[in-house]
Amino acid sequence: MGSLLIFIFIIIFISVLTIRFHVTPFLTLIAAAFIFGILSGMSEWLVQYVTGGAGRIFSLLGIPIYCGAVIGQILRHGHFIEKIVEDVKRTIKAPDMAAGVVGYLLSIPLMCCLTAYVVMLPLIEQMEKEHSSGGRLFYMAAFGSVLSFVLILPLPVVYSMTTTFGVPGSESFGINLITIPLSLFLLGIGYVVSKKLSKGPQHPVPELEGLVEPVMLSLPRWKVWLPIALPVFLITIGYLFSPLSAISDVNIALVISVFVSLLLVSEGPRRIALEKGTKNAGIILFDLCGAGALGFVISASSFPDEVFALISGILPVVVIPFVLAVLIQTAQGSRVVTAVITATILAGTDIVASIPTIPLILMISAGTLVVSYVSDPYFWLVQRSTGDSIPTVVRRFTLPLAGAGVLIFCCAMVLSIIG
């Protein structure tokens, strides 16, 4: 039971450093990795485990995260985002639902739900200044960005799991046949729930023509949508046509996309996008590398075997990935970190062989949604941008995400039974 007790201590340690002292996730997770290893008696190979785990994450997500961060800055400083939102509103008349759809779409090429929200934030704030929508624009944008981020391949949450579990590239994208309809269904449910949870009288949100400069809305449609569509197009073409299979790799597709996107803007926005994108990508990658270090150390200990032996006698095997993901998400707040650590731990157990791949991935994705509270950076970002109280953010952000997680969990259970 030693590793289990150490793990509980590490959860408390991470929570205290994150919530009470606001220590950056990278330092917190690296320190947690060293402490876990020392207390578990792994001193001899500990440094190699820590650096190896961090290096594995960098090799896995370094290129996608960097390219996504730069593309996000291009959309923002090239003023593409205004035209994108305007186009979506022409199709989807409800502005809050449009915000959710844009957040959902932006997470895909940007490889980060927080970046998608931040890119949208100036426009959402500008719209809210004119006429209040009860804050639904903020919450729907956040909700939509998280849904695609945790469910769709090749975004980092699912991508890290398929890679860790060794799912062949030719098979891994089949998960989108389930997760895309499921995520869109949940987005619709979120819209209905958001309307019920919104406070105060509702007022129509003005059209964008009165909020942004006309020149921004006159940009060619193909130009503003290309940074979003190109990565998806390249991956799909590479997946469908074997002679072009190289571009189905997310790294190659995003490198091509970021260069094309840079050519779409002038020198000024290009410089800003590269500078700010590099800075944002560095912060994200350091945090993820810390998660990789902790996950590798935990998986190399006796913790996976002890967890399996303990929980398997109490809970059905199929729910163990979900419960483990909930615990890790509660401790440190990052959904990618939760996916990386949970998948790394489970990869060394018999659970991977006993649960079909898609339900297994859905279980972990569901667990990343259930607890979005004070350890989650997105929780505080939403709280600061809306100005709402913590109980209000819990009611309008945490609980809807938890509900989505429960529904995904139920879907995974059904698939595991019929699969």
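Above this text you will find the structure in question.
What counts and what doesn't
Residues numbered from 1 in each chain as written. Predicted model: local features only at pLDDT ≥ 70, side-chain atom pairs only at ≥ 80, totals over all residues. Heavy atoms only, no water. Disulfide = S-S within 2.5 Å. Buried < 20%, exposed > 50% of the residue type's maximum accessible area, 1.4 Å probe, protein only. Patch = residues over 30% accessible without salt bridge, like charges linked within 9 Å, V, L, I, M, F, W, Y side chains within 5 Å. Areas by Shrake-Rupley, 256 points an atom, 1.4 Å probe, with all protein chains shown as cover. Salt bridge = Lys/Arg side-chain N within 4 Å of Asp/Glu carboxyl O. Helix = DSSP H or I, 4+ residues; strand = E, 2+ residues; numbered from the N terminus. Phe/Tyr/Trp six-rings, centres within 6.5 Å; stacked < 30°, edge-to-face > 60°. Lys NZ or Arg CZ within 6 Å of the ring centre and 35° of its normal. Expected span 1.5 Å × (residues − 1). Contact = heavy atoms within 4.5 Å. Core = buried A, V, L, I, M, F, W, Y, C linked by side-chain atoms within 4.5 Å. 1 Å grid on protein atoms, 1.4 Å probe; cavity = no way out; pocket = protein on both sides within 12 Å on 5 of 7 lines; lining within 4 Å. Points joined across faces, edges and corners; volume = space filled by probe spheres on them. Axes fitted to C-alpha atoms, helices over the stretch in contact; angles between N-to-C directions. Parallel < 35°, antiparallel > 145°, perpendicular 65-115°, else oblique. Left-handed = near helix turned anticlockwise from the far one by under 90°. Nonpolar A, V, L, I, M, F, W, Y, C, P; charged D, E, K, R; others polar.

Draft legend 1. Inspection of the state of the cysteines at higher detail. The tally for this structure, following the rule as stated, stands at zero disulfides. You can see cysteine 112 has no disulfide; the closest cysteine sulfur is in cysteine 113, sitting 5.4 Å from it. By relative accessible area, which is 10% here, cysteine 112 ends up buried. Free cysteine cysteine 410: the closest other cysteine sulfur is in cysteine 411, separated by 8.8 Å.

Draft legend 2. Representation of a nonpolar patch on the surface within the structure. Nonpolar side chains collect at one region of the surface, where Leu5, Ile8, Ile12, Val16 and Phe21 lie side by side and expose about 490 Å² of accessible area between them. Mapped onto the elements, phenylalanine 21 comes out in the loop between α1 (2–20) and α2 (25–39).

Draft legend 3. Region of the structure containing the pattern of salt bridges. On inspection of all chains with the given rule, the structure shows seven salt bridges. For the salt bridge of arginine 90 with glutamate 86, the shortest nitrogen-to-oxygen distance reads 2.4 Å. With arginine 90 and glutamate 86 both in helix α4 (residues 80–91) and four residues apart, this pair spans about one turn of that helix.

Draft legend 4. The packing of aromatic side chains, seen in detail. Across all of its chains, the model carries ten aromatic pairs by this definition. Between tyrosine 378 and phenylalanine 397, the aromatic rings sit 5.6 Å apart at their centres with planes inclined by 55°, giving tilted as the arrangement. Of this pair, tyrosine 378 sits in helix α20 (residues 377–386) while phenylalanine 397 sits in helix α21 (residues 390–418), placing them 19 residues apart in sequence. The rings of Tyr117, Tyr378 and Phe397 are connected pair by pair, giving a single aromatic cluster. Sitting above the plane of the phenylalanine 21 ring, arginine 20 keeps its charged end 5.2 Å from the centroid.

Draft legend 5. Fine view of helix α5 (residues 95–110). Counted at 1.5 Å a residue, the expected span for α5 with its 16 residues is 22 Å, and the 22 Å between its end C-alpha atoms agrees. Directly beyond the C-terminal end of α5, a positive phi value near 60° is found at methionine 111.

Draft legend 6. Up close: the environment of aspartate 96. Tracing the backbone shows aspartate 96 in helix α5. In the structure, aspartate 96 is positioned 188 residues away from isoleucine 284 in sequence and 28 Å away in space, judged by C-alpha atoms. Filtering out sequence-adjacent residues up to four positions away, aspartate 96 remains in contact with Arg136, Leu137, Met140, Tyr191 and Lys195.

Draft legend 7. The arrangement of the nonpolar core in detail. Leu75, Leu106, Tyr117, Phe165, Phe303, Tyr378 and Phe397 are the most contacted members of the largest nonpolar core, which totals 142 residues. Apart from residues no more than four positions distant in its own chain, leucine 106 is found in contact with Leu75, Ile81, Ala116, Val119, Met120 and Ile228.

Draft legend 8. Layout of the environment of valine 326. The residue valine 326 is located in helix α16 (residues 320–332) in this model. Along the chain, valine 326 and valine 371 lie 45 residues apart, while their C-alpha atoms are 6.8 Å from each other. If sequence neighbours within four positions are ignored, valine 326 has contacts with Gly367, Val370 and Val371.

Draft legend 9. Examining the layout of surface pockets more closely. The space that makes up the largest pocket amounts to roughly 1,000 Å³. Along the walls of the largest pocket sit 37 residues, with Pro25, Leu114, Ile283, Asp287 and Pro377 positioned nearest its centre. Residue assignment for the lining of the largest pocket shows that the elements contributing at least two residues are α1, α2, α3 (46–77), α6 (113–130), α14 (267–300), α17 (335–346) and α20. Of the voids in this model, the second largest pocket is the one considered here, and its volume is about 390 Å³. In this structure, the second largest pocket is lined by 18 residues; those nearest its centre are Leu153, Asn176, Ile180, Val232 and Thr236. Of all the secondary structure elements, the ones that give two or more residues to the lining of the second largest pocket are α5, α10 (176–197) and α12 (221–240). Tallying contributions element by element places α12 first for the lining of the second largest pocket, with five residues.

Draft legend 10. Quick look at unusual backbone geometry. Omega for the bond connecting leucine 153 with proline 154 falls within 30 degrees of zero, at 20°, which places this linkage in the cis form. We note that histidine 22 has phi near 55°; this positive angle belongs to a residue other than glycine. Relative to the assigned elements, histidine 22 resides in the loop between α1 and α2. Residue histidine 22 is classed as exposed on the basis of its relative accessible area, which comes to 64%. For methionine 111, which is not a glycine, the phi torsion comes out positive at approximately 60°.

Draft legend 11. Structural context of the packing of α12 against helix α13 (residues 250–263). Close contact between α12 and α13 brings their axes to 9 Å; oriented N to C, the two are set at 150°. Our classification of the angle between α12 and α13 gives roughly antiparallel. Between α12 and α13 the crossing geometry is right-handed. Residue-level contacts link Leu226, Pro227, Leu230, Pro231, Leu234 and Ile235 of α12 to Val250, Ala253, Leu254, Ile256, Ser257, Val260 and Ser261 of α13. Of the residues contributing to the contact of α12 with α13, the split by class is eleven nonpolar, two polar and no charged.

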